[in-house]
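Structural characterization, general
One-letter residues, chain by chain:
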Amino acid sequence: MSTLQDERGLNQAAYHRLKKELEKTHKGKFVGIVRGEVVADAPGLEELLEKLKMIEPNLKQGLAFKVGEEYPEYLPIL
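A few points on the structure. On a predicted model such as this, the values are computed, not experimentally measured, just so you know.

1. Considering the side chain of Glu-56
By the secondary structure assignment, Glu-56 is in the loop between helix H2 (45-55) and strand E3 (62-66). When its relative accessible area of 15% is taken as the criterion, Glu-56 is described as buried. Engagement of the side chain of Glu-56 in a polar contact is seen with the backbone nitrogen of Asn-58, the distance being 3.1 Å. Beyond its immediate sequence surroundings of up to four residues, Glu-56 is in contact with Val-34, Arg-35 and Gln-61.

This is the structure:
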């Protein structure tokens, strides 16, 4: 069983690995990554979060972001 920290690391690695490709195919959309895989996309954040809840009820296990936006390396999780 993986820890929350393991999941975050896996998702962050996937984000960095897929960032350039997603900028070509999903620019301006919101994308969700769970367990190191892109699992959903949507035009808005709320719609994406609803999709992610069906895949992984604990949203802290996933990563959601808008493709094309620049994010700092570290963001606190509230």
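2. Let's talk about the packing of aromatic side chains
The tally for this structure, following the rule as stated, stands at one aromatic pair. Ring centres 4.8 Å apart and planes at 80 degrees place the aromatic pair Tyr-15 and Phe-65 in the edge-to-face group. With Tyr-15 in helix H1 (residues 4-25) and Phe-65 in strand E3, this residue pair connects regions lying 50 residues apart in the sequence. Like Tyr-15, the residue Phe-65 is buried in the burial classification.

3. Comments concerning the nonpolar core
One recurring pattern in soluble globular proteins is that nonpolar side chains are buried together. In terms of nonpolar packing, the biggest core is built from eight residues, these being Ala-14, Tyr-15, Leu-22, Val-31, Ile-33, Leu-63, Phe-65 and Val-67. Residue assignment for this core shows that the elements contributing at least two residues are H1, strand E1 (30-34) and E3. In this structure Leu-63 touches Asn-11, Gln-12, Tyr-15, Val-31, Gly-32 and Ile-33, once residues within four positions along its chain are discounted. The next biggest cluster of nonpolar side chains, apart from the first, holds six residues, and it includes Val-34, Ala-40, Ala-42 and Leu-48.

4. Some details on the environment of Arg-35
Looking at the element boundaries, Arg-35 is found in the loop between E1 and strand E2 (37-42). The class for Arg-35 is partly exposed, based on a relative accessible area of 45%. For the pair Arg-35 and Glu-7, spaced 28 residues apart in sequence, the C-alpha to C-alpha distance is 6.2 Å. Contacts of Arg-35, omitting those with residues within four sequence positions, involve Glu-7, Leu-10, Asn-11, Ile-55 and Glu-56.

5. Describing a nonpolar patch on the surface
On the surface, Val-39, Met-54 and Ile-55 cluster together into a nonpolar patch covering about 280 Å² of accessible area. When you line up the elements, Val-39 lands in strand E2.

6. Digging into the pairing of E2
Bridge count between E1 and E2: five bridges; the pairing is antiparallel. Looking across to E2, one finds that Val-31 is bridged to Asp-41. Connecting E1 to the next strand, E2, in antiparallel fashion are two residues, including Arg-35 with a positive phi near 55 degrees.

So, how was this worked out
- Residue positions are counted from 1 within each chain, in the order its sequence is given.
- Note on the predicted model: pLDDT of at least 70 is required for a residue's local features to be given, and 80 or more for side-chain atom pairs to be given and counted; whole-chain, interface and lining totals, by contrast, use all residues.
- No hydrogens and no water enter the side-chain calculation; it runs on all heavy atoms of the structure.
- Starting at the N terminus, helices and strands are each numbered in turn, a helix being any DSSP run of H or I of at least four residues and a strand any DSSP run of E of at least two.
- The cut-offs for exposure are 20% and 50% of the maximum accessible area for each residue type, with area from a 1.4 Å probe on protein chains only; residues under the lower value are buried, those over the upper are exposed, and the others partly exposed.
- What qualifies as a polar contact is a pair of N or O atoms within 3.5 Å, subject to a donor-acceptor requirement within protein and to the restriction that residues adjacent in sequence count only when both atoms come from side chains.
- Two residues form a contact once any of their heavy atoms are found within 4.5 Å.
- Whether two aromatic rings pair depends on their centres lying within 6.5 Å, for rings of Phe, Tyr and Trp, where Trp uses its six-membered ring; planes under 30 degrees apart make the pair stacked, over 60 edge-to-face, and the rest tilted.
- Nine residue types can take part in a nonpolar core, namely buried Ala, Val, Leu, Ile, Met, Phe, Trp, Tyr and Cys, and a core is a set of them joined through side-chain atoms within 4.5 Å.
- To count toward a patch, a residue needs a relative accessible area over 30% and no salt bridge; like charges are then connected within 9 Å, while nonpolar side chains (Val, Leu, Ile, Met, Phe, Trp, Tyr) are connected within 5 Å.
- Reported accessibility uses the Shrake-Rupley method at a 1.4 Å probe radius. Residues are deemed covered only where the shown protein chains occlude them.
- The salt bridge definition used is simple: a Lys or Arg side-chain nitrogen within 4 Å of an Asp or Glu carboxyl oxygen.
- In this scheme, strands are said to pair when DSSP sees at least two bridges between them.

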